Amino acid sequence: MHASLSAGHTLVANASVRTRVTIPLRFADGYEVTAEAVTFHGLADGKEHVALVLGDPTAASAPLVRLHSECLTGDVFGSARCDCGPQLREAVERIAATGGVLLYLRQEGRGIGLYNKLDAYALQDAGLDTYEANTALGLPEDGRDYTAAAQMLTALDIAELDLLTNNPDKAQQLRDLGVPVRFIRRTGVFATDSNVRYLHAKAQRTHHTIALPETATVTALVG
């Protein structure tokens with residue numbers, strides 16, 4: 001059985017809600033919020049993606065949504081080589097304030113997996129940027145597919161959304177999959193001495209809307 005999408009859009013198989021459970025979240029800086037964690041049956045890639053429903057998504061005509069790719073090193077261990085951990089923390093608070101959903105997607109390393117990501121780090125230490133390192137390993141620059149994300153949003157009855165991202169590919173893929181994206185809301189820019197080269201590569205190679213500061217000191221510039 002397939003969802004009925006408008007002409008020119010990819011047909012996406014239906015998924016359904018499996019479980020809903022309330023989880024109190026607490027971040028290292030003391031910020032606390034309650035989320036409803038939602039799991040799903042029938043996701044296209046068979047992975048255990050999860051949605052965190054924050055605030056009241058029905059309060060706005062287009063709830064705020066973020067597609068956040070899993071990053072063990074940044075989200076859990078606080079690695080400063082990327083901006084994933086700060087983006088996750090920012091997204092939860094911004095979504096909770098307006099009502100919406102954070103999709104936590106099991107796509108470590110832009111879809112190449114944890115071990116390959118760490119192999120790519122070693123190549124970056126030798127001078128390659130994050131995209132060059134992936135291709136040097138025989139892997140895609142960005143292997144993420146957001147079909148499962150579109151299924152999750154449909155199962156949650158989200159008909160239109162505002163997307164929290166600096167990555168134009170996320171919005172384009174959702175639109176191609178028949179998910180209407182009303183506006184793109186830019187995330188903050190979290191630059192450190194350890195990740196500024198990585199952020200430059202994202203801006204230059206895949207056109208992320210990142211306005212980098214003149215220095216590489218820690219900063220948070222919300223667009």
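Scoring rules and cut-offs
Residues numbered from 1 in each chain as written. Predicted model: local features only at pLDDT ≥ 70, side-chain atom pairs only at ≥ 80, totals over all residues. Heavy atoms only, no water. Core = buried A, V, L, I, M, F, W, Y, C linked by side-chain atoms within 4.5 Å. Buried < 20%, exposed > 50% of the residue type's maximum accessible area, 1.4 Å probe, protein only. Helix = DSSP H or I, 4+ residues; strand = E, 2+ residues; numbered from the N terminus. Contact = heavy atoms within 4.5 Å. Salt bridge = Lys/Arg side-chain N within 4 Å of Asp/Glu carboxyl O. Pairing = 2+ DSSP bridges. Axes fitted to C-alpha atoms, helices over the stretch in contact; angles between N-to-C directions.

Let us now look at the nonpolar core. Grouped together as the largest cluster of nonpolar side chains are 28 residues, with contacts concentrated most on Leu67 and Leu103. Among the elements of the structure, strand S2 (32-41), strand S3 (50-54), strand S4 (64-69), strand S5 (100-105), helix H6 (147-155), strand S6 (161-164) and helix H7 (168-176) are those that each provide at least two residues to this core. Looking at this core element by element, the count peaks at 6 residues for H6. Beyond its immediate chain neighbours, meaning those up to four positions away, Leu67 contacts Leu103, Leu105, Tyr146, Ala149, Leu163, Lys170 and Leu174.

The next point concerns the pattern of salt bridges. Enumeration according to the criterion identifies 11 salt bridges in this entry. Between Asp29 and Arg89 there is a salt bridge, with the nearest N and O atoms lying 2.9 Å from each other. One end of the pair, Asp29, is in the loop between strand S1 (16-26) and S2; the other, Arg89, is in helix H2 (residues 84-98), and 60 residues separate them in sequence. We classify Arg89 as buried; its relative accessible area is 18%. The residue Arg182 makes a salt bridge to Asp162 at a minimum N-O spacing of 2.8 Å. Taken together, the residues Arg182 in strand S7 (residues 181-185) and Asp162 in strand S6 connect sequence positions 20 residues apart. The exposure class assigned to Arg182 is partly exposed, which follows from its relative accessible area of 33%. Through salt bridges with shared partners, a single network forms among Asp29, Arg89 and Glu93.

Turning next to the sheet that holds S1. One open sheet accounts for 7 strands, arranged S1-S2-S3-S5-S4-S6-S7; its pairing is mixed. Edge positions in the open sheet fall to S1 and S7, since each of these has one partner strand only. When strand polarity is set aside, the average angle formed by the axes of neighbouring strands in this sheet is 25 degrees. Of the strands in this sheet, S1, S2, S3, S4, S5, S6 and S7 are in contact with H2, which crosses S4 at around 160 degrees. Across the face of the sheet, H7 comes into contact with S4, S6 and S7 while running at roughly 170 degrees to S7.

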